[in-house]
Amino acid sequence: MNTCSSYFIYILTTFVSLFEITMNTKFKSEVNRDVLINTITNVQESLSLIIKILMGSDSTKAITILEYTSMKILSMKSHTFLNRGEPYTENAILNWVKFYNVWNAFSKEQCKEFIFDDISMNTYNDFISFCDSLQFRQSTKCLYITILKAVMSYAFTDGTSNNRLFTSRNFRSHLSYRDNTKIYLTHIEINKIEQLNLKNKSTLDKVRDVFLIGCYTGLRVSDYSTLTIQDIETIEMNGNKYQIIRKKQKKTGNEVIIPILNNKILAILKKWGGMLPKTGLSTINDRIKTICYLAGITDTIKKYDNIGGIDKIEVTTKDRMVSSHTARRSCITNLYLDGKLDIVQIMSISGHKTEQAFFKYLCYSSEECAKRIIENLKVDCHVSYLQ
């Protein structure tokens, strides 16, 4: 399929979406005006681009990776291209924009405007090497390869490309390397954050409360940061009433039902009028480090990573490694280590569908595991026996 055909199909799809949004605007009371404006802008930009193609270069020229990626980003922003029926998150769109910029730089270095037929294992390896030259972490490279595979998959599905290389086992998005050190906060450390004296309703106070909700529920940040009193229901069991959280996960679209294991959840929601304060992801990731430092969560940690294709060990402190995702990891790990729930029950809370995915969230170290074995088996071999 040539470039013009691809753009015509894209614009036709966008016009259909524009019509649907216009109808919603006319007949529904609640209207997302920004979506309408973004869609119109999207159409204008696409029309402008196709006119340039028709007026300029050969109209049979195949669409490039950059052009196709740009169209997808525009569609994500206008909500005409969805992820499992839901709009792409700002963070997901930002990752696509980052990939676009890196692929653009890669194309310039290679002095080539890559079309889909150009993508081979040599291209794959050259792109990995290019990322290494920029000193990217292994996790960043995996992200960009994942997006490249998605671009190729979407293009194959809609007929823009016939290249199926993205299905090859060698075209891997999960590159093998020693896992970066994963951390979690213990019950004691979470209590330190709870007890920290922060100015009421300050930014740090907001971030602290939102983060704690994640530690109590095990939800992803996209879900725990939007928790409201409306997500809490009362159920009856054996004549007694209990409260649960019923929440549709933003990432998967699946519903999770979580028994309220900590009454502090209700206290925090009540403090903020039944709805958590709005805090951006970057704000949470930045300020939670400050909060952990103030709470004295500063143990020295060896951090294993792969940067620029080279395995490295970095000595850092725990507060600098805490992020929004640490809340979910902490809840899941603590529930597992507490030993009161089995794996299936914890997975029903976390929303994981496979044990393989679930175990990736457990963050306890080999030393902690050894201590658990000694404790559970009541091993009677103290240091005094060895002296």
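On a predicted model such as this, the values are computed, not experimentally measured, just so you know.

Parameters at a glance
Residues numbered from 1 in each chain as written. Predicted model: local features only at pLDDT ≥ 70, side-chain atom pairs only at ≥ 80, totals over all residues. Heavy atoms only, no water. pLDDT = per-residue confidence, 0-100. Contact = heavy atoms within 4.5 Å. Helix = DSSP H or I, 4+ residues; strand = E, 2+ residues; numbered from the N terminus. Polar contact = N/O pair within 3.5 Å; in protein donor to acceptor, adjacent residues only side chain to side chain. Axes fitted to C-alpha atoms, helices over the stretch in contact; angles between N-to-C directions. Parallel < 35°, antiparallel > 145°, perpendicular 65-115°, else oblique. Nonpolar A, V, L, I, M, F, W, Y, C, P; charged D, E, K, R; others polar. Core = buried A, V, L, I, M, F, W, Y, C linked by side-chain atoms within 4.5 Å. Buried < 20%, exposed > 50% of the residue type's maximum accessible area, 1.4 Å probe, protein only. Pairing = 2+ DSSP bridges.

With that settled, the discussion passes to the confidence of the model for the protein. On average, residues of the protein carry a pLDDT of 83, and 79% of them reach 70 or more. In this model, residues 23-32 is a region of pLDDT below 50 whose contacts with residues beyond four sequence positions or in other chains number three contacts.

Our focus in this paragraph is the environment of T217. The topology assignment puts T217 in helix 8 (residues 203-217). Placed 113 residues apart in sequence, T217 and S330 show a C-alpha to C-alpha distance of 9.9 Å. Within the structure, T217 has its side chain in polar contact with the backbone nitrogen of L219 (distance 3.3 Å).

Relative placement of two packed helices is described by the angle separating their axes and the distance separating the axes. One way to put it is that helix 8 packs onto helix 11 (residues 281-294) with a least axis distance of 9 Å and a crossing angle of 95°. Looking at the two axes, helix 8 sits roughly perpendicular to helix 11. Facing helix 8, whose interface residues are T203, L204, V207, R208, V210 and F211, helix 11 presents T283, I284, R287, I288, T290, I291 and L294. Of the residues in the contact of helix 8 with helix 11, the class split is eight nonpolar, three polar and two charged.

Soluble globular proteins tend to pack their nonpolar side chains together in the buried interior. Ranked by internal contacts, the top residues of the largest apolar core, which has 46 residues, are I193, F211, Y224, L227, I265 and L276. Every element with two or more residues in this core is listed here: helix 7 (187-195), helix 8, helix 9 (221-224), strand 3 (255-259), helix 10 (264-271), helix 11, helix 12 (324-338) and helix 13 (343-350). Broken down by element, the residue count for this core peaks at seven residues, all from helix 8. With residues near it in sequence (within four places) discarded, L227 still touches I213, L219, I245, K247, I265, L269, M275 and L276. In this structure, Y68, M76, I119 and L165 belong to the second largest nonpolar core, which totals 35 residues.

Moving on, we come to the pairing of strand 3. Burial of strand 3 is one-sided: the residues V256 and I258 facing one way are buried, the residues E255, I257 and P259 facing the other way are not. Here strand 2 (residues 240-248) runs beside strand 3; their pairing, made up of five bridges, is antiparallel. Paired with I245 across the bridge in strand 3 is I258. Between strand 2 and strand 3, which pair antiparallel and follow one another directly, the connecting turn spans six residues, one of which, G253, has a positive phi of 80°.

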